[in-house]
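The lines below spell out each chain.
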Amino acid sequence: MKVGSGGGFRAIHYTWKKGREAGGLWKLYKAMRTRNSCKTCALGMGGQKGGMVNETGAFPEVCKKSLQAMVADMQPAIEPTFWKQNSVNDLRQSSPRELEKLGRLVHPVRYRKGATHFETVTWQEAYAAIVEKLRQTEADRSFWYFSGRSSNEAGFLLQLMARVYGTNNINNCSYYCHQASGVGLQTAIGSGTATVVLEDVDKADCVFVIGGNPASNHPRLMTSLMHLRRRGGKVIVINPVRETGMLKFRVPSDPISLLKGSKIASHYVQPHIGGDLAFLWGLAKAVSKLDAIDEEYLRRHCNNVNEWQQEIDAITWEEIETKSGVPRSEIEKIANVYAKSKRCIFAWTMGITHHAHGVKNVQAVANLALCRGMVGKPGSGLMPIRGHSNVQGIGSVGVTPKLKTQIFDALQSKHQIKLPTTVGKDTLECMEAASRYELSFGFSLGGNLFGSNPDSKFAAEALSRLDMSVMLSTTMNTGHVNGLAAETYILPVLARDEESTPTTQESMFNYVRLSDGGPRRLPGPRSEVEVIAEIGNRLLPDATGVDWKTMQQTSTIRQWIADVVPGYDQIANIDQTRKEFQIAGRTLHEPKFTTVDGRANLHTHAIPELKGRQDQELRLMTVRSEGQFNTVVYEEEDLYRNQSRRDIILMHPDDLARLGLEHEDRVEVKSDTGTLSNILARSYESIRPGNALMYFPEANVLVSRHADPSSKTPAFKGVVVRVVPAPQRSS
Ligand SMILES: Nc1nc2c(c(=O)[nH]1)N[C@H]1C(S)=C(S)[C@@H](COP(=O)(O)OP(=O)(O)OC[C@H]3O[C@@H](n4cnc5c(=O)[nH]c(N)nc54)[C@H](O)[C@@H]3O)O[C@H]1N2
Ligand SMILES: Nc1nc2c(c(=O)[nH]1)N[C@H]1C(S)=C(S)[C@@H](COP(=O)(O)OP(=O)(O)OC[C@H]3O[C@@H](n4cnc5c(=O)[nH]c(N)nc54)[C@H](O)[C@@H]3O)O[C@H]1N2
Ligand SMILES: [Mo]
């Protein structure tokens, strides 16, 4: 049956199904209701209000992917015999979904070059080998990658250890995600995170959703968007794909919406992939023509106003239309809606950041908000919708190549820590350096560096040039079986709701949550913090200023965070008060910016040509389906896009015809970086002609390493491909 809306009974039915997998609905419900913050996206639920509750206290808030993540953690263990029965080569043939479904990692395992299998080792053996290798390695030949799943405490401790060891090669998955938002917002308003809180969304009269599919990836936002529409507000979606759930969504916790479905988008604009920058400038030009600019606000609070105005006047409609793919009349229609709005929020995700001009995109969004005075008052502002549940916290507590000056100074003065001053490498630069044999040791706190990386062939080669790689993980993924270092360790760790002591996470609204932890589900995995502190203790026993033994207590680490991380003071007493808090100085309800001169900055841009315009070319976006969380695939099907498999390329029927193809033809998809064979070409009316869609991580074979020069984020959505019939056709 064709799915005509997002959410709804399917989501409820799914809950039952997952309940069965988890060993009973009540068991799953209890797991979901513990006081731990949600494990998936950063919109966030849970914490001290209890699971399935959002920041404003609404219950029940639940989404399919948080169930998926929970049930995955409730899987049985991978038995020791498994590693003897299955070779690395066998495992490499497995799909991301098959690897995830193997179960929970409970034994440390090792792979040594030349071997055919992983072997289980004791924790002692693993620690000894890792520490010995680190001793032999020059600190700057190591790198430390962090996913955004781990706690603030684990993130803080590991970056501290890596720096005391002597390197700044410390980075997180943000470089492949929202880095452009951080960099773009910093340059525009002096702070890199959302200027709004969840309540602001409930006060807005207009929300732009640019380059994102929150119906699938941040479903809880849909409740707020539904209420906004009921109040008569407008939701303007900018997306080359007409995403089912952005048109109509059935909010499971709302009976009327559940039955009838709620219209979400009031306006839907389909630019070409990469056409947003031109579109955003066009919108600003049209708003200016309507005399809807807030001149007073610009004069009082913004720099570069004249340059910006000149650019608005100079840019031609012809340039805007050809580079965005959106006709002037449509842009003017949206400008009219925006011009009437009194409180407008601009939300965006990967369709904006995953481009070589991602930072410019973000600056152009900020320009548009600033020009009508929409930053610095309640109910309006800038809202990058963050990805991983704690990716923002990881960044706040110092998991960045360059430490914030305040953290750097406080660590030296308050804790006598000697910090390295060499330039740290970002994620892609670490990969490039590894491929040049300039790095020999890699450590990953969660995540899947291989799978998330562009240019998969290169990524595997680069990682396999390391002498040693260590990965702290909960379940298996493609990164554990591809690009293996000469010596590779996988160390099993606890999920946050299994920790014996509390941990904290930061939501995309700058709200710090406390997770209570809970009983362990299986013997074997260890706490992330315990593992890091143990390595620290063995490697750097005499380090001035740090007592690694006390660092095994997350409460000790919280004292350090309170001492050194700006805005985090209240974490010092959180063990007693249990009071979750809003980080000071980030939410902007007044136009007081944290830039050097207290003013916001407008930016001007040269708009790049639209790529992929040659005869046989298509512009390709690599995106997530509703059945996956990043490189972890829970289900092969993509419900909302009505697809049952992942080895497909979706394109408009006009493009199929143009390329001489038919629906369901077997094709080869080629880019300058790589080729994917045996792909099914499928007709997909909802995508703007000239553009195509494939699923990440598989499609990373095609994505080049070309990155935004300022954010170092690869153009995961800006791939040019040619699609040709497969050499031998089969059915
Ligand atoms: N279920 C689920 N939820 C998730 C995740 C997951 O994998 N699964 N991942 C989490 C993470 S880490 C993140 S970062 C977020 C990601 O959340 P999203 O950014 O929503 O995810 P993507 O699938 O990357 O898709 C982006 C959307 O951008 C559109 N798009 C692609 N190119 C362009 C473009 O050039 N311009 C515009 N305007 N739109 C474009 C696509 O059509 C698609 O609808 O979700 C988080 N939540
Ligand atoms: N082509 C293409 N590439 C992309 C993207 C895209 O849209 N297109 N999106 C990019 C984005 S937005 C992101 S964020 C990255 C994702 O990059 P990563 O964050 O590196 O990858 P994930 O797939 O989220 O990592 C999942 C793994 O984390 C481990 N894990 C889960 N929970 C825990 C925990 O509590 N502790 C620990 N230690 N480990 C845990 C499990 O082993 C799981 O397999 O990929 C990027 N790559
Ligand atoms: Mo992300």
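Residues numbered from 1 in each chain as written. Chains lettered and ligands numbered in written order. Predicted model: local features only at pLDDT ≥ 70, side-chain atom pairs only at ≥ 80, totals over all residues. Heavy atoms only, no water.

Draft legend 1. Spotlight on the nonpolar core. Judged by nonpolar contacts, the single largest core of 64 residues is most densely connected at Trp144 and Leu411. At nine residues, helix H8 (residues 152-165) tops the list of elements feeding residues into this core. When sequence neighbours within four positions are dropped, the list of residues in contact with Trp144 reads Leu134, Leu158, Met161, Ala162, Tyr165, Thr167, Asn169, Ile170, Asn171, Phe441 and Phe443. Among the nonpolar cores identified, the runner-up in size contains 58 residues, and Ile210, Ile238, Leu382 and Leu588 belong to it. (Core = buried A, V, L, I, M, F, W, Y, C linked by side-chain atoms within 4.5 Å. Buried < 20%, exposed > 50% of the residue type's maximum accessible area, 1.4 Å probe, protein only. Helix = DSSP H or I, 4+ residues; strand = E, 2+ residues; numbered from the N terminus. Contact = heavy atoms within 4.5 Å.)

Draft legend 2. Up close: unusual backbone geometry. The amide bond that connects Phe696 to the next residue, Pro697, takes the cis arrangement and shows omega of 10°. As for its position among the elements, Pro697 is in the loop between strand S27 (691-695) and strand S28 (719-725). One non-glycine residue, Asn304, lies in positive phi territory at about 65°. Here Asn304 shows up in the loop between strand S11 (302-303) and helix H17 (305-314). Positive phi is not limited to glycine here, since Asn642 has a value of about 55°. If you trace the backbone, Asn642 turns up in the loop between strand S23 (632-633) and strand S24 (648-651). Here Asn642 falls in the partly exposed class, since its relative accessible area comes to 31%.

Draft legend 3. Local environment of the domain arrangement of the chain. What the domain assignment lists for the chain is domain 1 (6-73), domain 2 (106-177 + 390-577), domain 3 (179-385) and domain 4 (617-725). Computed over C-alpha atoms only, the centres of domain 3 and domain 4 are separated by 25 Å. Tallying the contact residues gives 27 residues for domain 3 and 28 residues for domain 4. For the pair domain 3 and domain 4, the two sides together bury roughly 2,100 Å², of which 56% comes from carbon and sulfur. Sorting the residues of domain 3 by area buried against domain 4 places Ile273, His354 and Ala356 first, and these three jointly supply 30% of that buried surface. Along the contact surface separating domain 3 from domain 4 lie one salt bridge. Glu243 serves as the salt-bridge partner of Arg641, at 2.9 Å between the closest nitrogen and oxygen. At the boundary of domain 3 and domain 4, one finds 13 residue pairs in polar contact (both at pLDDT 80 or more). Elements with a contribution of two residues or more to the side of domain 3 that touches domain 4: helix H9 (179-189), helix H11 (214-217), helix H20 (350-353) and helix H21 (358-370). In the side of domain 3 that touches domain 4, the residues fall into 11 nonpolar, 14 polar and two charged. (Domains from an automatic or database assignment. Buried area = accessible area lost by both parts, 1.4 Å probe. Salt bridge = Lys/Arg side-chain N within 4 Å of Asp/Glu carboxyl O. Polar contact = N/O pair within 3.5 Å; in protein donor to acceptor, adjacent residues only side chain to side chain. Nonpolar A, V, L, I, M, F, W, Y, C, P; charged D, E, K, R; others polar.)

Draft legend 4. Local environment of helix H26 (residues 456-464). For H26, the complete set of buried residues consists of Ser456, Phe458, Ala459, Ala462 and Leu463. For H26, the arc enclosing every buried residue in end-on projection is 155°, short of the 170-degree limit, so these residues lie on one face. Turning to H26, the residues buried within the fold contact strand S4 (142-146), helix H24 (427-435) and helix H25 (449-452). (Arc of directions from axis to C-beta.)

Draft legend 5. Structural context of the sheet that holds strand S19 (residues 581-582). Spatially, the three strands line up as an open sheet ordered S17-S18-S19, and their pairing is antiparallel. Both outer strands of the open sheet, strand S17 (503-506) and S19, are each paired with one neighbouring strand and no more. Lying on the sheet, H8 is in contact with S17 and strand S18 (511-515); it crosses S17 at an angle near 95°. (Pairing = 2+ DSSP bridges. Axes fitted to C-alpha atoms, helices over the stretch in contact; angles between N-to-C directions.)

Draft legend 6. Quick look at the packing of aromatic side chains. Summed over all chains, the structure comprises 13 aromatic pairs. Pairing Trp144 with Tyr165 gives two aromatic rings, centres 6.2 Å apart and planes at 70°, and the pair type is edge-to-face. Residue Trp144 is located in strand S4, and its partner Tyr165 is located in helix H8; the two are separated by 21 residues in the primary sequence. Exposure class is identical for Trp144 and Tyr165. Each is buried. Taken together, the ring pairs in this structure connect Phe82, Trp83, Tyr111 and Phe118 into an aromatic cluster. Its end group placed over the ring of Tyr338, Arg372 keeps NZ or CZ at 5.2 Å from the ring centre. Positioned over the ring face of Phe458 is Arg705, at 3.6 Å from the centre of the ring. (Phe/Tyr/Trp six-rings, centres within 6.5 Å; stacked < 30°, edge-to-face > 60°. Lys NZ or Arg CZ within 6 Å of the ring centre and 35° of its normal.)

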